[in-house]
Amino acid sequence: MPDAPAPSASSPVPVAVPAHFQTFLAFDFGLKRTGVASGNRLLSTATPQATIKAEGDARFVQVEARIKEWQPDALVIGVPYHPDGAPHENTRRAQKFARQLRGRFNLQVFEVDERYSTTEALSSGARDADAASACIILEQFLRSLA
């Protein structure tokens, strides 16, 4: 079966998310910095959290602390694509991070096409573009649940 094309950022595809999943932590994965946002289904809003400035296992120590603090029902990760929807190296890195999150924390992880989220965060004047981008990713995900 051929791979389905990546959904367009402008027209998100509804995601099958159990109704009892109400709280989420979202991540904007980067090699050196990972933006974080928390949010909930009821309000469909996201709040930026402090960006994780760590790599490798040190990143997962901080992710674990956030999961313990927020106790989300599931995680959301932004996955970047080229403008035409083609994957690239950072696509694969973000998908690997998503698999690692699933394996380490035994939580469901939802992937969101995050094309242009950092550009949008920067154009809005965000002081922490990584955290703002995580908010954009999470709010896009939450809108897709409506």
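Procedures and definitions
- Residues numbered from 1 in each chain as written.
- Predicted model: local features only at pLDDT ≥ 70, side-chain atom pairs only at ≥ 80, totals over all residues.
- Heavy atoms only, no water.
- Phe/Tyr/Trp six-rings, centres within 6.5 Å; stacked < 30°, edge-to-face > 60°.
- Helix = DSSP H or I, 4+ residues; strand = E, 2+ residues; numbered from the N terminus.
- Buried < 20%, exposed > 50% of the residue type's maximum accessible area, 1.4 Å probe, protein only.
- Axes fitted to C-alpha atoms, helices over the stretch in contact; angles between N-to-C directions.
- Parallel < 35°, antiparallel > 145°, perpendicular 65-115°, else oblique.
- Left-handed = near helix turned anticlockwise from the far one by under 90°.
- Contact = heavy atoms within 4.5 Å.
- Nonpolar A, V, L, I, M, F, W, Y, C, P; charged D, E, K, R; others polar.
- Expected span 1.5 Å × (residues − 1).
- Core = buried A, V, L, I, M, F, W, Y, C linked by side-chain atoms within 4.5 Å.
- Pairing = 2+ DSSP bridges.

Section: the packing of aromatic side chains
Following the criterion strictly, the structure yields 6 aromatic pairs and no others. On the basis of an interplanar angle of 70° and a centroid distance of 6.4 Å, the ring pair of Phe21 and Phe110 is categorised as edge-to-face. With Phe21 in the segment before strand E1 (23-28) and Phe110 in strand E5 (residues 108-113), this pair connects stretches of sequence that are 89 residues apart. When sorted by exposure, Phe21 lands in the same class as Phe110, which is buried. Relative to Phe97, the ring of Phe27 lies with its centre 6.0 Å away and its plane at 90°, an arrangement referred to as edge-to-face. On the criterion of sequence distance, the pair formed by Phe27 in strand E1 and Phe97 in helix H2 (residues 89-105) is long-range, its members being 70 residues apart.

Regarding the packing of helix H1 (residues 56-70) against H2
Between H1 and H2, whose axes approach to 12 Å, the crossing angle comes to 60°. Taken together, the axis directions place H1 and H2 in an arrangement best described as oblique. Crossing geometry of H1 relative to H2 is assigned as right-handed. Here H1 contributes Asp57, Arg59, Phe60, Val63, Glu64 and Ile67 to the contact with H2, which in turn contributes Phe97, Gln100, Leu101, Arg104 and Phe105. For the contact of H1 with H2, the residue count by class is 6 nonpolar, 1 polar and 4 charged.

Considering H2
Owing to its 3.6 residues per turn, the α-helix aligns residues three or four sequence positions apart on the same side. In this model, H2 (17 residues) spans 24 Å end to end at C-alpha, consistent with the 24 Å of a helix rising 1.5 Å per residue. Lining the buried residues of H2 we find E1, strand E2 (34-40), H1, strand E4 (74-79) and E5. Positive backbone phi, at 50°, marks Asn106, one or two positions downstream of H2.

Section: the nonpolar core
Residues Phe27, Val63, Ile67, Leu75, Phe97, Leu101 and Phe105 are the most contacted members of the largest nonpolar core, which totals 20 residues. For this core, the secondary-structure elements that each account for two or more residues are E1, H1, E4 and H2. The element contributing the most residues to this core is H2, with 5 residues. Phe105 has contacts with Phe60, Val63, Glu64 and Ile67, leaving out every residue within four places of it along the chain. One finds Val17, Ala46, Phe110 and Phe141 within the second-largest nonpolar core, a separate group that totals 17 residues.

What about the sheet that holds E2?
Read across the sheet, 5 strands follow the order E3-E2-E1-E4-E5 without closing on themselves; strand pairing throughout is mixed. Both edges of this open sheet fall to strand E3 (45-52) and E5, since each of them pairs with a single strand only. Across the sheet, the axes of successive neighbouring strands diverge by a mean angle of 25°, strand direction being ignored. Here E1 runs beside E2; their pairing, made up of 6 bridges, is antiparallel. The partner of Thr23 across the bridge, within E2, is Asn40. This element, H1, spans E1, E2, E3 and E4 of the sheet and lies at about 145° to E3.

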